[in-house]
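Secondary and tertiary structure notes
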Amino acid sequence: MTAATTTHPLPLAITMGDPAGIGPEIIAKWAMGALAGKRHVQPFVVLGDMGALQRAAAMVGAPLQLRAVGGDLHGVHEALQQGALPVLQACAPLPADLPMGRVDARAGAAAHACVQRAIDLALAGRVAGIVTAPLHKEALRAAGVRHPGHTEMLAERAGTTDFAMMLANGELRVLLVSIHLSLRDAIAAVTPENELRAIRLAHRACRAYGIAYPRVAVAGLNPHAGEGGLFGHEDRDIIAPAIAAARAEGMDATGPWPGDTVFMRARQGAFDIVVAQYHDQGLIPVKYLGVDQGVNITVGLPFVRTSVDHGTAFDIAGTGRADAASLGHAVEQAEAMAVASSMQPAMVATTQVQPPPALPLPEFIFMLTRHDKTITDALEQLPAVLAAGVRHIGFKDIGLPWAALQRLADAIRAAGAVSYLEVVSQDAASELASARAAGALGVDVLMGGTRPEAVLPLLRSTPIRYYPFAGQVVGHPSVLQGTVADVVASARRIAALEGVHGLDLLAYRFEGDSADVPALIAAVCAAVGKPVVVAGSIDRAERIAAVVAGRAAGFTVGTAALDGTFEATGLGPHGLTGQLRAIQTVLHDAAAQA
């Protein structure tokens, strides 16, 4: 009889980073909790210098027992079972008097050797992934290493040029078009090929996290995303066509959005990931939310790689003050990705996942309105809306007193949803009053209205995105008059105005031939380079299908859902929550079948 064998999961390889920085001490701090059973999900091994790690443990007061393991990682699991920290000596031994907090070629060489050894193990399938502590670029250069950082080393060894850096925390995911380049070179890197590659990688990364239909926002390069060429041509001539190409491939990519507001919108739930144009544009908003919360993830490698979202902190290295929280988050993220990849190979970044819908998925905006008036119990209905997973919620400028509108807007904001105010007032004074109200209410988007030239000056000092009506809109409930050609001409003129972010199209209130409505949607969406939201009387599946086929960026439903028009399927919830989930099902089916 042969002895039973136990199959252990592969360990994560944690590299020590620059030993003159805080890498060894944050590893020691994190390991105390991990070995005590607080965060010990996946086995792990530290690749570094035994002496540097022992000194770091003593300095931070960590009662760690370090256990050397062999190059084949034999002994890792036994060390962990005995509460010891497994360490693979992956570099030449460092002197005990290596100065802390200073650039040193010996430290740079040691850090580089540890990363290279981790890559060897990952490519050989010996580890489940790599978690890296920070490097110091000047120390690498002093050691003769030509790569500026981890990402470039990893990509070269993996033999891929199709990679990107993604930063993530609990509120944002950000992927970079270019990484460690001067600002001048980063601008030159804004090419159609690089933009489309980044959008594809962002889409792939979100799919790997289980997001079935990722919403990819692309940040603009220039102020206000160029304002149609007034502040630079790159957004209009390079980024926008790449977004259009991505949408043609079935990705829900939108933009270019102004860089000063797109990250805020993503935090509020409008997008799943933001493609940033250069290093600091993307990293500043993530790090502002808390360096200790951020995780750096390399997308496009044949193995998992995460990292802390901070540097070597030479100013505090050796003091014991460094916070290990970011390392903990990086390990947790690597653990989750490793588990997912072992259970489902499609979760690995370079593996193709199930194909996305044939056409991009428009945003579903639920309007707490009936017959162009905000319903009196809008605030009471809001929990049912949120329970359905709807995160784009709007109301009209009439139907409730001001105080009730303010409470409603505050509640939508508190829930992390994107708020929309749609103007239906017809006279000039009321429309301007509604625009001022949008600012006072703090909504995210102002929709509707027929006087953009008068409204725009009121919005310029606000972060509000503005989607006025296209075409001639009259009456209450509002209708859209004219021919398809008239509406398209109006759409082109209004979309070209500085400060107009998109258009509100009352397609199913069109007074022309009803058979022309799908063609109208498609024509307006094709005629303008900005998002188009289709509003008004969307009360059946074929109308949602027309919105998808026309490539609209979003659509609104209000009365139809409140009146129970859509057929709720399955054994799920009924009432308003069931209606909203039924609409989402119709939307996904329409996108998949288009």
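One can find the structure itself at the top, above this paragraph.
This text gives an overview of the structure that appears in the document. (Residues numbered from 1 in each chain as written. Predicted model: local features only at pLDDT ≥ 70, side-chain atom pairs only at ≥ 80, totals over all residues. Heavy atoms only, no water.)

Structural notes on the layout of surface pockets
Roughly 1,200 Å³ of volume is contained in the largest pocket. Surrounding the largest pocket, 50 residues form its lining, Pro256, His501, Gly529, Lys530 and Pro531 being those nearest its centre. In terms of residue count, the dominant contributor to the lining of the largest pocket is helix α9 (residues 234–248) (seven residues). Among the residues forming the lining of the largest pocket, the class breakdown is 27 nonpolar, twelve polar and eleven charged. By volume, the second largest pocket is sized at about 660 Å³. Forming the walls of the second largest pocket are 32 residues, and the residues nearest its centre are Ile211, Tyr213, Arg215, Gly269 and Asp272. Secondary-structure elements contributing two or more residues to the lining of the second largest pocket are β10 (273–276), β13 (363–367) and α21 (575–593). Tallied by class, residues from the lining of the second largest pocket come to 16 nonpolar, nine polar and seven charged. (1 Å grid on protein atoms, 1.4 Å probe; cavity = no way out; pocket = protein on both sides within 12 Å on 5 of 7 lines; lining within 4 Å. Points joined across faces, edges and corners; volume = space filled by probe spheres on them. Helix = DSSP H or I, 4+ residues; strand = E, 2+ residues; numbered from the N terminus. Nonpolar A, V, L, I, M, F, W, Y, C, P; charged D, E, K, R; others polar.)

Topic: the environment of glycine 159
With respect to the secondary-structure elements, glycine 159 resides in the loop between α6 (150–158) and β6 (164–168). Taking C-alpha positions, glycine 159 is 34 Å from alanine 317, a pair spaced 158 residues apart along the chain.

Examining the pairing of β6
Of all the five residues making up β6, five are buried; the element is thus mostly covered by neighbouring parts of the structure. Judged by which residues are buried, β6 turns out to be covered on both faces: Ala164, Met166 and Ala168 on one side and Met165 and Leu167 on the other are all buried. Inspection of the sheet shows β6 paired to strand β11 (residues 295–299) by five bridges, in the antiparallel sense. Within β11, the residue paired with alanine 164 across the bridge is valine 299. Inspection of the sheet shows β6 paired to strand β7 (residues 173–176) by three bridges, in the antiparallel sense. Bridge pairing in β7 links methionine 166 to leucine 175. The hairpin turn running from β6 into β7, its antiparallel successor, is four residues long. (Buried < 20%, exposed > 50% of the residue type's maximum accessible area, 1.4 Å probe, protein only. Pairing = 2+ DSSP bridges.)

A word on the pairing of strand β4 (residues 85–89)
Where burial is concerned, most of β4 is hidden: four out of the five residues are buried. Across three bridges, the pairing between strand β3 (residues 66–68) and β4 is parallel. Opposite leucine 66, over in β4, you have leucine 85 as the bridge partner. Read as a crossover between parallel neighbours, the route from β3 over helix α3 (residues 76–81) to β4 is right-handed. (Right-handed = clockwise from strand over helix to strand, strands pointing away.)

Observations regarding the packing of aromatic side chains
This model, assessed by the stated rule, comprises three aromatic pairs. Centre to centre, the rings of tryptophan 257 and phenylalanine 271 are 5.8 Å apart; their planes meet at 40 degrees, and the pair counts as tilted. Residue tryptophan 257 is located in strand β9 (residues 252–257), and its partner phenylalanine 271 is located in the loop between α10 (262–267) and β10; the two are separated by 14 residues in the primary sequence. Given a relative accessible area of 5%, tryptophan 257 falls into the buried group. Ring centres of phenylalanine 364 and phenylalanine 555 lie 5.4 Å apart, and the angle between their planes is 20 degrees; on these two criteria the pair is classed as stacked. (Phe/Tyr/Trp six-rings, centres within 6.5 Å; stacked < 30°, edge-to-face > 60°.)

Details of unusual backbone geometry
That bond from glycine 255 to proline 256 is cis: its omega, 0 degrees, falls within 30 degrees of zero. Take proline 256: it is sitting in strand β9. Backbone geometry at leucine 73 places phi at a positive 70 degrees, although glycine is not the residue there. Phi angles above zero are rare outside glycine, and serine 537 is one such case at about 60 degrees. By the element assignment, serine 537 lies in the loop between β23 (532–534) and α19 (541–549).

A few points about empty space enclosed by the protein
Summed over the entire model, instances satisfying the criterion amount to four cavities of 30 Å³ or more. Each pocket or cavity is described by its volume, and for the largest cavity that value is around 210 Å³. Around the largest cavity, the lining is made up of 19 residues, and of these Arg265, Glu363, Tyr420, Tyr467 and Ala553 lie nearest the centre. For the lining of the largest cavity, the secondary structure elements donating two or more residues are β8 (215–219), β9, β13 and β19 (465–467). Among the elements that take part in the lining of the largest cavity, β9 stands out by supplying three residues, more than any other.

Focus: the sheet that holds β23
With parallel pairing, the eight strands of this open sheet are ordered in space as β19-β18-β17-β16-β13-β24-β23-β22. Both outer strands of the open sheet, β19 and β22 (503–505), are each paired with one neighbouring strand and no more. Adjacent strand axes in the sheet meet at a mean angle of 25 degrees when their direction is disregarded. When β13 meets strand β16 (residues 392–396), the two strands line up parallel, connected through two bridges. The residue of β16 that forms the bridge with methionine 367 is glycine 394. The strands touched by helix α16 (residues 452–459) are β18 (445–448) and β19; relative to β19, the strand with the most contacts, the crossing angle is about 170 degrees. (Axes fitted to C-alpha atoms, helices over the stretch in contact; angles between N-to-C directions. Contact = heavy atoms within 4.5 Å.)

Topic: the packing of helix α15 (residues 428–441) against α16
Helix packing for two helices is described by the angle between their axes and how far apart those axes are. Two elements in contact, α15 and α16, have axes whose closest approach is 10 Å; the angle formed by their N-to-C orientations is 25 degrees. By the angle between their axes, α15 is roughly parallel relative to α16. Classified by chirality, the crossing of α16 by α15 is right-handed. Every residue of α16 that contacts α15 at Glu431, Leu432, Ala435 and Arg436 is listed here: Ala454, Val455, Leu458 and Leu459. The class makeup of the residues in the contact of α15 with α16 is six nonpolar, no polar and two charged. (Parallel < 35°, antiparallel > 145°, perpendicular 65-115°, else oblique. Left-handed = near helix turned anticlockwise from the far one by under 90°.)

Quick look at the sheet that holds β7
The strand order across the open sheet built from twelve strands is β3-β4-β2-β1-β5-β12-β11-β6-β7-β10-β8-β9, with neighbouring strands paired in mixed fashion. A single partner strand is all that each edge strand has here, and the edge strands are β3 and β9. Sheet twist, expressed as the average angle between the axes of neighbouring strands with direction ignored, equals 25 degrees. In this fold helix α4 (residues 105–123) packs onto β1 (12–15), β2 (44–48), β4 and β5 (129–132), with an angle of close to 140 degrees to the strand it touches most, β2. Contacts from helix α11 (residues 279–288) reach β6, β7, β8 and β10, with the element oriented near 165 degrees to β7.

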